[in-house]
Structure formats: structure tokens, C-alpha cells
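One letter stands for each residue in the lines below.
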Amino acid sequence: MTDTISPPTVDTAKGAGPASRLKLIRWSDFSLVPVILVLMVIGFIVSPVFLTSNNLISVVQQSSELSLLVLGQALILICGRMDLSLESTIGIAPVVAMWLILPTEGGRFNGLGVLPSWSAIPLCLLVGLIIGGINGFLMLKLRVNGFIATLGMLTMLRGLHIGITEGKSITDVPESFRYLGKTDWLGAPAAVWICLALFAIGGAALAWLKHGRSLYAIGGNPEAARAAGIRVDRITWIVLAIGGLLAAFAGILYTGHYGSVAATQGNGWIFQVFAAAVIGGISLKGGRGTLFGALTGVLTLQLVVNVMTLGGVPALWNQFLNGAIIIVALVISRFASGEKQD
């Protein structure tokens, strides 16, 4: 994906009126709902365990952690950019936070112990924010290609993760992490409610706030958006920082859910993130897609994996499946939209 993207119109640049806002809610956004229902029927046929509360809660729990990365990536893609480093941020952000708060002796992982334990969550979120901010600096100030910049960041952060942990898992997880990852609210994991709330806030911002609607204009035609008075670089930078923040928050939920930070935490997640975003209708060319579509993309992907697992298909095939889903979704999108390819 290039850093400059230019489809057709910039009607959203000025935010237009209610009619243009309603265009953000399309019937095509519900196209995956029948697919999800079919997958649930297939899942029940494959195994009666599929419709048990434990299995369904497990699916939505795993979806919530992945969906925060998809939420961040969807906002960035709509803005006409991409961030490959999100999969490393979900691991390195909790690692840095624990490195700064855990004592220098007495555990499997020796940290610096320079900050109090209550600061674990704020520190983790701050790390994600900084990573997103650095990505924005590389792309917007130094004009480095976004794909190369975030690929380099992904690799660097992965190396930092392994270097700090010496390739070991961290099991001394702060209680604040465990609470968010383990507790239930109203019979469902807290992570699920938090995720739904963030998607609702993001969707409302895209539909009703001036700066939210401007993301479509920036992704559709950044030069026209700039001419319309939109501060393209500032808004894009903020979106990249929010993406890093959401990835760090996903790291908190994932770490709390499993009670540790694995040395490989986040590895390969970017493939699932793009698969979910693409099948959910988010355009890789920018300026198109909705967060509801992205959320249904996550659920579809997780249900496919769950049905395959219950059907006895080895997990080793999951990566192949993610790639195949991306290719099929791109082909369908290409012919459905009638867009010309470069």
C-alpha cells in the first residue's frame, strides 16, 4: 500500500449533512451476518460443544483481544495508512511496563523495580502511544514509506521484546492486568464489554464527529482533504498513536487473560488483523469501510478457526486459512466494486 492514496471524492471532507452520515451505515456492512449464522449452524453440526456457553465465551474472549488490534488497524486503513507493528506492540508494551515495576530480584524475571505496581496499566498504554507516535513521525515528518517504516518497527520491537525477557515468559503479572483479563461483568468477560464500548465510541466518532468523518476524506484523497482545510498530517498522526494505544490495551487484556506475557506474544497476529479487516469491508486503498464491518470480520474469522478446531483440523493450518481469506476477500471486493487496479 502506498502512502498517497487517491480515490474518487471528498464529500466527507466538509462532513456534509445527515444524508452523508447515513452513507456510513450500509446494508453491505451486514453481509457477514448470514455467514456468521451459517458458521454457527456448521459448528453445531460438527460438534454439540460448539453452542455451549464455555465455548462461545471463549470465542468472544479471544475475539475481543484480536478486535482491539483490528479496531486500531481499521482506523489507520480508513485514513489511508497501515501499521504492521501492532502485532509487536501487543507484546512489548506489557513487557516494558513489567520491566519497570517488577523487582530486581526474587522472580523468574528480574526488572528494574523503579516504579510502583499501580503504574503498570498507565505505563503499558503510554508505551503503545509512544510507538504509534514514532510511526507517525517516521511517516509524516521523515516521509518514510509506511509499509517499510512499520515493518522495521515490528522487527525492532520484536527483538527488544526477546532481549528484555531473554526469550522467557513473564509470569509475575500485576493484579490490575489480571482483573481486566479475568473478571466477568454481567455474565460475560469484562474484555468483551470494553471492546464493544470502544467499537461503539469509534463508530460514533466516524459517523458524527467532524474529525472522525475527515478520516474518510483523508483516505479517499489526502490532497483534496488538505485543500478543504483538514489538517491531514495532524489527524493521521493522532490516528497512528491511537492505533498503538489500542494495541497496548489489547496486550493488557491478553496478558491478564492468560496470566503471563509469552516470549512470542503477538507473533503472526498481523495476518489475522488484515484478514479480519479485509473480509469486514475495510479497503486497503483507504477511505472506505466501517467499524461494524470490521467487528463482524473478527467474529467470522474466530468462528472459522473455532469450527476447524472442533472439527479436528490442526491449528497449523490457521495461517494458511488467514492468507486464503485475505486473497478471496480482495478478489470479491475487486469485482464487487469495479475498481481499476494499478
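Residues numbered from 1 in each chain as written. Predicted model: local features only at pLDDT ≥ 70, side-chain atom pairs only at ≥ 80, totals over all residues. Heavy atoms only, no water.

A. The arrangement of the packing of helix 3 (residues 53-78) against helix 13 (residues 291-310) in detail. In the contact formed by helix 3 and helix 13, the axes pass within 9 Å of each other and the chain directions differ by 140°. Overall, the two elements helix 3 and helix 13 adopt an arrangement that is oblique. Considering the relative orientation of helix 3 and helix 13, their crossing is right-handed. Across from Asn-55, Val-59, Gln-62, Ser-63, Leu-66, Ser-67, Val-70, Leu-71, Ala-74 and Leu-75 in helix 3, the residues of helix 13 making contact are Leu-291, Ala-294, Leu-295, Val-298, Leu-299, Leu-301, Gln-302, Leu-303, Asn-306 and Leu-310. Split into classes, the residues belonging to the contact of helix 3 with helix 13 amount to 14 nonpolar, 6 polar and no charged. (Axes fitted to C-alpha atoms, helices over the stretch in contact; angles between N-to-C directions. Helix = DSSP H or I, 4+ residues; strand = E, 2+ residues; numbered from the N terminus. Parallel < 35°, antiparallel > 145°, perpendicular 65-115°, else oblique. Left-handed = near helix turned anticlockwise from the far one by under 90°. Contact = heavy atoms within 4.5 Å. Nonpolar A, V, L, I, M, F, W, Y, C, P; charged D, E, K, R; others polar.)

B. View of helix 13. In this model, helix 13 (20 residues) spans 29 Å end to end at C-alpha, consistent with the 28 Å of a helix rising 1.5 Å per residue. Burial analysis of helix 13 places 16 of its 20 residues in the buried class, which makes it a mostly covered element. Phi turns positive one or two residues past the end of helix 13, at Gly-312, with a value near 90°. (Expected span 1.5 Å × (residues − 1). Buried < 20%, exposed > 50% of the residue type's maximum accessible area, 1.4 Å probe, protein only.)

C. Just the confidence of the model for the protein chain, in detail. Across the protein chain, the average pLDDT comes to 85, with 88% of residues at or above 70. Per-element confidence in the protein chain is highest for helix 5 (residues 120-141), whose mean pLDDT is 96, and lowest for helix 1 (residues 18-22), whose mean pLDDT is 43. With pLDDT under 50 throughout, residues 1-24 is counted as low confidence; its partners more than four residues away or in other chains account for 50 contacts. (pLDDT = per-residue confidence, 0-100.)

D. Expanded view of helix 5. A rise of 1.5 Å per residue sets the reference length of helix 5, with its 22 residues, at 32 Å; its end C-alpha atoms lie 31 Å apart and thus fit the reference within 8%. At the C-terminal side of helix 5, Arg-143 shows a positive phi close to 60°.

E. Expanded view of the nonpolar core. Leu-69, Phe-177 and Leu-215 are the most contacted members of the largest nonpolar core, which has 93 residues in total. Tallying contributions element by element places helix 11 (residues 232-258) first for this core, with 12 residues. Among residues more than four places away in sequence, those in contact with Phe-177 are Pro-94, Met-98, Ala-120, Ile-121, Cys-124, Ile-252, Thr-255 and Gly-256. (Core = buried A, V, L, I, M, F, W, Y, C linked by side-chain atoms within 4.5 Å.)

F. Highlighting the environment of Asn-322. By the secondary structure assignment, Asn-322 is in helix 14 (residues 318-337). Measuring from C-alpha to C-alpha, the distance between Asn-322 and Ala-276 comes to 8.6 Å, with 46 residues separating the pair along the chain. When neighbours within four sequence positions are excluded, Asn-322 is seen to be in contact with Phe-271, Gln-272, Ala-275 and Leu-301.

G. The arrangement of the packing of helix 5 against helix 6 (residues 146-165) in detail. Remark: helix 5 packs on helix 6, axes separated minimally by 9 Å, with the N-to-C direction vectors making an angle of 145°. Between helix 5 and helix 6 lies a crossing of right-handed hand. Listed contacts from helix 6 to Ile-131, Ile-134, Asn-135, Leu-138 and Met-139 of helix 5 are Gly-146, Ala-149, Thr-150, Met-153 and Leu-157. For the contact of helix 5 with helix 6, a count of residues per class yields 7 nonpolar, 3 polar and no charged.

H. Summary view of the environment of Ala-315. When you line up the elements, Ala-315 lands in the loop between helix 13 and helix 14. Each C-alpha atom of the pair Ala-315 and Val-305 lies 8.1 Å from the other, and the pair is 10 residues apart in sequence.

I. Examining the pattern of salt bridges more closely. Evaluation of the coordinates by the stated rule reveals 3 salt bridges. Among the ionic pairs, Asp-233 bridges to Arg-143, the shortest N-O distance being 3.2 Å. Residue Asp-233 is located in helix 11, and its partner Arg-143 is located in the loop between helix 5 and helix 6; the two are separated by 90 residues in the primary sequence. With relative accessibility at 23%, the residue Asp-233 sits in the partly exposed group. Each of Arg-143, Glu-223, Arg-226 and Asp-233 takes part in a single network of salt bridges with overlapping partners. (Salt bridge = Lys/Arg side-chain N within 4 Å of Asp/Glu carboxyl O.)

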